[in-house]
Amino acid sequence: MTVLDRVIEAAKEAGRMMRDSKDLSIKDKGSKDNHVTNMDVAVQEFLRDRLLDILPGSLFIGEESDYPDSDSEFCWIVDPIDGTTNFIRHIPVSVTSIALVHNGRPVLGVVFNPYTDELFCAEEGKGSTLNGAPIHVSDRAFENSIICLSWGAYDKSGSRKAFAVSEDVYGRCEDIRRTGAAAYELCKIAEGCVEMLFEPILYPWDHAAATVIIREAGGCVAGVDGEADLRSRDMVVAANNEENLEILRGTVKRHYR
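Residues numbered from 1 in each chain as written. Predicted model: local features only at pLDDT ≥ 70, side-chain atom pairs only at ≥ 80, totals over all residues. Heavy atoms only, no water.

A. Just the pairing of strand S3 (residues 59-62), in detail. Of the two faces of S3, both are covered, the one formed by Leu59 and Ile61 as well as the one formed by Phe60 and Gly62. Here S3 pairs with strand S4 (residues 74-82) via four bridges, running parallel. Across the sheet, residue isoleucine 61 finds its bridge partner in S4, namely isoleucine 77. (Buried < 20%, exposed > 50% of the residue type's maximum accessible area, 1.4 Å probe, protein only. Helix = DSSP H or I, 4+ residues; strand = E, 2+ residues; numbered from the N terminus. Pairing = 2+ DSSP bridges.)

Written out as structure tokens, the structure is:
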């Protein structure tokens, strides 16, 4: 089996754990709007053991763990359950997200929604697939686009600026969406279902895997200034093409500068 095959196998098993879970225990972490469950921890522990076995000597970064102190050529960046609030409330938009980073660049991404059996995969230079079939971003212009937006639920101090971005683009695009799972929304850009995303607060585990999937599908992901940060939280923009990315980026900068 290839590395990708083994990662897919691990993602599907993690998804089954999520889908079949019972007797949840829920805690807040940092704010009343940010939750962690016993399943977030259990799935992450399972994936850490499985992924480190696939690449001995690699590092592991997960949402429910601290950043490692050392560096390595290869590092896994994992969100065991992206969309934990959806998961808690039985809204079937929660995914497992697994990225492999090589010398600071995401090179492999797998995102799995166990409720819909959508498996998004990509390796650098090999294209992106959904359930084995090739996918590609849309060619829609900004005025015909659907944009996924968020307002920073975990830190609402900057929400007025995020709402201003939403109001600004709403009059210029086709419509706005929000699912509560950034990795899934990013994959929907890769699939061509929506065209853009802006999130004022994303962490590496939210976007690392989907970054590979979008880029291999012909789209782009970035921070507001340069590449999106893989060591800390960042504002993240993504689009089906560079022109739309720069329009959205410029809109964000106007309201955040």
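Moving on from the coordinates now.
B. Examining the pattern of salt bridges more closely. Considering all chains together, one arrives at 15 salt bridges under this definition. Between aspartate 53 and arginine 6 there is a salt bridge; the shortest N-O distance is 3.3 Å. Of the two residues, aspartate 53 sits in helix H2 (residues 38-54) while arginine 6 sits in helix H1 (residues 3-19), which places them 47 residues apart along the sequence. According to the relative accessible area criterion, arginine 6 is partly exposed, its value standing at 28%. (Salt bridge = Lys/Arg side-chain N within 4 Å of Asp/Glu carboxyl O.)

C. Region of the structure containing the environment of glycine 226. Mapping glycine 226 onto the fold places it in the loop between strand S13 (220-223) and strand S14 (234-239). For glycine 226, a relative accessible area of 40% corresponds to the partly exposed category. Along the backbone, glycine 226 and valine 236 are ten residues apart, and their C-alpha atoms lie at a distance of 10.0 Å.

D. Expanded view of the packing of helix H5 (residues 182-191) against helix H6 (residues 204-216). Where H5 contacts H6, the two axes come as close as 9 Å, and the packing angle between them is 5°. By the angle between their axes, H5 is roughly parallel relative to H6. Along the contact surface, H5 presents Ala182, Ala183, Leu186, Cys187, Ile189 and Ala190, while H6 presents Asp206, His207, Ala210, Ile213 and Ile214. (Axes fitted to C-alpha atoms, helices over the stretch in contact; angles between N-to-C directions. Parallel < 35°, antiparallel > 145°, perpendicular 65-115°, else oblique. Contact = heavy atoms within 4.5 Å.)

E. Seen up close, the nonpolar core. Ile77, Phe120, Ile189 and Ile213 are the most contacted members of the largest nonpolar core, which has 40 residues in total. Dropping the residues within four chain positions of it, phenylalanine 120 is found in contact with Gly109, Val110, Val111, Thr129, Leu130, Ile135, Tyr184, Cys187, Lys188, Glu191 and Ile213. In terms of nonpolar packing, the next biggest core, distinct from the first, is built from 27 residues, Ala11, Leu47, Ile98 and Leu108 among them. (Core = buried A, V, L, I, M, F, W, Y, C linked by side-chain atoms within 4.5 Å.)

F. Molecular detail of the sheet that holds strand S9 (residues 133-134). With respect to topology, seven strands assemble into an open sheet ordered S3-S4-S5-S6-S7-S8-S9, the strand pairing being mixed. Either end of the sheet is taken by a strand with one partner, and the two such strands are S3 and S9. With seven bridges joining them, strand S5 (residues 95-102) and strand S6 (residues 105-113) adopt antiparallel strand pairing. Across the sheet, the residue bridging to serine 97 is valine 111, located in S6. Packing of H2 onto the sheet brings it into contact with S3, S4 and S5, and relative to S4 it is tilted by some 155°.

G. Main features of the side chain of glutamate 185. Locating glutamate 185 in the fold gives a position in helix H5. Setting aside chain neighbours within four positions, we find glutamate 185 in contact with Cys148, Arg178, Thr179, Gly180, Val194, Leu197 and Glu199.

H. Here's a closer look at H6. For H6, with 13 residues, the first-to-last C-alpha span of 18 Å sits near the 18 Å given by 1.5 Å per residue. At alanine 210, H6 is deflected by roughly 30°, the largest bend along its length. Most of H6 sits inside the fold, with eleven of its 13 residues counted as buried. Along H6, the residues classified as buried are Pro204, Trp205, Asp206, His207, Ala208, Ala209, Ala210, Thr211, Val212, Ile213 and Ile214. Trailing H6 by a residue or two, glycine 218 shows a phi angle of about 100°, which is positive. (Expected span 1.5 Å × (residues − 1). Bend = angle between axes of the 7 residues up to and from the residue.)

I. Seen up close, the packing of helix H4 (residues 159-170) against helix H7 (residues 242-256). Where H4 contacts H7, the two axes come as close as 9 Å, and the packing angle between them is 135°. Viewed along their axes, H4 and H7 adopt a mutual orientation that is oblique. As for the relative orientation of H4 and H7, their crossing is right-handed in sense. Contact with H4, carried on its side by Lys161, Ala162, Ala164, Val165, Asp168 and Val169, involves Leu248, Thr251, Val252, Arg254, His255 and Tyr256 of H7 and no other residues of that element. (Left-handed = near helix turned anticlockwise from the far one by under 90°.)

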